[in-house]
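Remarks on the overall topology
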Amino acid sequence: MAESFDEECDYLFKAVLIGDSAVGKSNLLSRFGKNEFCIESKPTIGVEFAYRNIRVGDKLVKAQIWDTAGQERFRAITSSYYRGALGALLVYDITRKSTFESLKKWLKEVREFGSREMVVVLVGNKSDLAHHREVNIEDGRSLAQLEDLSFMETSAKENLNVEEAFLQMITRIYQLSCHKSM
Ligand code: GDP
């Protein structure tokens, strides 16, 4: 599934960010990017995406991460958003229970439109706002176990676990899709 890209990198992956509005998807993506990537947009289909090169073992992987650019506020995300994606960060906000309750809907969509082997990492964002917490870390962990997902709490604001969440997804995609074809 992973395609060879160019001389500079060995593989190109597409992954998507999903979750309710204002859970912090864009901020997570900007954090992950630091200075190493550029954000581009395709206003026609209402997405933004970013590239970043990551070394996994002795291979250079280029991850192309798509963000909804706020479109989830206005309309359902279409199947084209998911097409070809090998991974997803499914994000909720630990201070808003409703965003956790929406996860069922998001998972249904992932299963409907995403590839069968899609790597999904569940991310409880805004861990810096623990005093406003509405979702226990155990609830996140249990759901992840039940649905067979990886799980992490992050803070885009304080840059906690952001790199780890993306890297976990990318490494797992690499293990699943590249290793078997090498
Ligand atoms: P998106 O709609 O899911 O892309 O969410 P945004 O990235 O636009 O973030 C929505 C709001 O939450 C903004 O006001 C951000 O500043 C804020 N935000 C995002 N991540 C965090 C975080 O980790 N901690 C805190 N305290 N605020 C955050």
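Per an unreviewed UniProt entry, the chain goes by Golgin candidate 2 and derives from Sesamum alatum.

**Points about helix α5 (residues 137–147)**
It helps to recall that an α-helix has 3.6 residues per turn; residues three or four apart then point in one direction. Among the residues of α5, G140, L143 and A144 are the ones counted as buried. Along the axis of α5, the buried residues cluster in a sector spanning 100°; they form a single face. Away from its buried face, by an angle of more than 90 degrees, α5 presents the exposed residues E138, S142, Q145 and L146. At its buried positions, α5 is contacted by α4 (103–113), β6 (119–125) and β7 (150–153). Of the residues trailing α5, D148 is marked for its positive phi of about 65°.

**Side note on unusual backbone geometry**
If you check the backbone angles, A22 has positive phi at about 65° while not being a glycine. In this fold, A22 is placed in the loop between β1 (11–18) and α1 (25–33). Classification of A22 as partly exposed rests on a count of 15 C-beta atoms within 10 Å. One non-glycine residue with positive phi stands out, namely D148, at about 65°.

**Here we look at the confidence of the model for the chain**
Any region with low pLDDT has predicted coordinates that should not be read closely. Model confidence for the chain is summarised by a mean pLDDT of 84, while 82% of its residues fall at 70 or above. Here residues 1–6 is modelled with pLDDT under 50, and outside its nearest four sequence neighbours on either side it reaches 12 contacts, counting other chains as well.

**Some points on the site of the ligand**
Around the ligand sit 15 residues in total, of which G24, K25, S26, N27 and K157 are the nearest. For the shell around the ligand, the element with the most residues is α1, which contributes 3 residues. For the shell around the ligand, the residue count by class is 4 nonpolar, 7 polar and 4 charged.

Reading the values: rules and limits
Residues numbered from 1 in each chain as written. Predicted model: local features only at pLDDT ≥ 70, side-chain atom pairs only at ≥ 80, totals over all residues. Buried ≥ 20, exposed ≤ 12 C-beta atoms within 10 Å, placed from the backbone. Helix = DSSP H or I, 4+ residues; strand = E, 2+ residues; numbered from the N terminus. Arc of directions from axis to C-beta. Contact = placed C-beta atoms within 7 Å. pLDDT = per-residue confidence, 0-100. Near = placed C-beta within 6 Å. Nonpolar A, V, L, I, M, F, W, Y, C, P; charged D, E, K, R; others polar.

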